[in-house]
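# Topology and contacts: notes
For reference, the chains in residue letters:
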Amino acid sequence: MGQSIKHKENETNGIFYLEIENRVVSELTYIKKDPNIMVIDRTETKKAEEGKGLASKLLEHTVNYAKENNYKIDPLCPFAEVKFDENEAYQKIKA
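Here the structure is a predicted model, which means the values were calculated and not measured.

Inspection of the secondary structure assignment puts Glu9 in strand β1 (residues 3-9). Given a relative accessible area of 39%, Glu9 falls into the partly exposed group. Along the primary structure Glu9 and Glu27 are separated by 18 residues, whereas in three dimensions their C-alpha atoms are 13 Å apart. Each residue touching Glu9, except ones within four places of it in the same chain, is listed here: Gly14, Tyr30, Lys32 and Tyr65. Side chain to side chain, Glu9 and Tyr30 meet in a polar contact 2.6 Å long. Polar contacts involving the side chain of Glu9 include one to the side chain of Lys32, which spans 3.4 Å.

Strand order across the open sheet formed by five strands is β1-β2-β3-β4-β5, with mixed pairing between neighbours. Among the strands making up the open sheet, the edge pair consists of β1 and β5 (72-75). Along the sheet, successive strands turn relative to each other by an average axial angle of 25°, direction set aside. Sheet topology note: the strand β3 (residues 23-33)/strand β4 (residues 37-45) ladder contains eight bridges and is antiparallel. Its bridge partner being in β4, Lys33 is matched across the sheet by Ile37. Set on the sheet, helix α1 (residues 54-68) makes contact with β1, β2 (13-20), β3, β4 and β5; between it and β3 the angle comes to about 40°. On the sheet, helix α2 (residues 78-86) packs against β4 and β5 and is oriented at approximately 115° with respect to β5.

Analysis parameters
- Residues numbered from 1 in each chain as written.
- Predicted model: local features only at pLDDT ≥ 70, side-chain atom pairs only at ≥ 80, totals over all residues.
- Heavy atoms only, no water.
- Helix = DSSP H or I, 4+ residues; strand = E, 2+ residues; numbered from the N terminus.
- Buried < 20%, exposed > 50% of the residue type's maximum accessible area, 1.4 Å probe, protein only.
- Contact = heavy atoms within 4.5 Å.
- Polar contact = N/O pair within 3.5 Å; in protein donor to acceptor, adjacent residues only side chain to side chain.
- Pairing = 2+ DSSP bridges.
- Axes fitted to C-alpha atoms, helices over the stretch in contact; angles between N-to-C directions.

Structure, rendered in structure tokens:
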């Protein structure tokens, strides 16, 4: 079962999404605020795929992307906010 995380963005916002067999099963959206802040506003996983850690995988991917590109993250979405509170390593990148 091939999984791949893909990314699309424009000037104002973006999305990371996870595909399994060419179906989008989980996604994380963000808004670009200021030149270097990504505001995570939504994470969503299809009902049949919930509980498999897919949103966590997307969040980890997003955090790594932010680190590589000198962004800070504002975890506005409740899921992201909880994960940021749980993970001390994420605190360093929090806006």
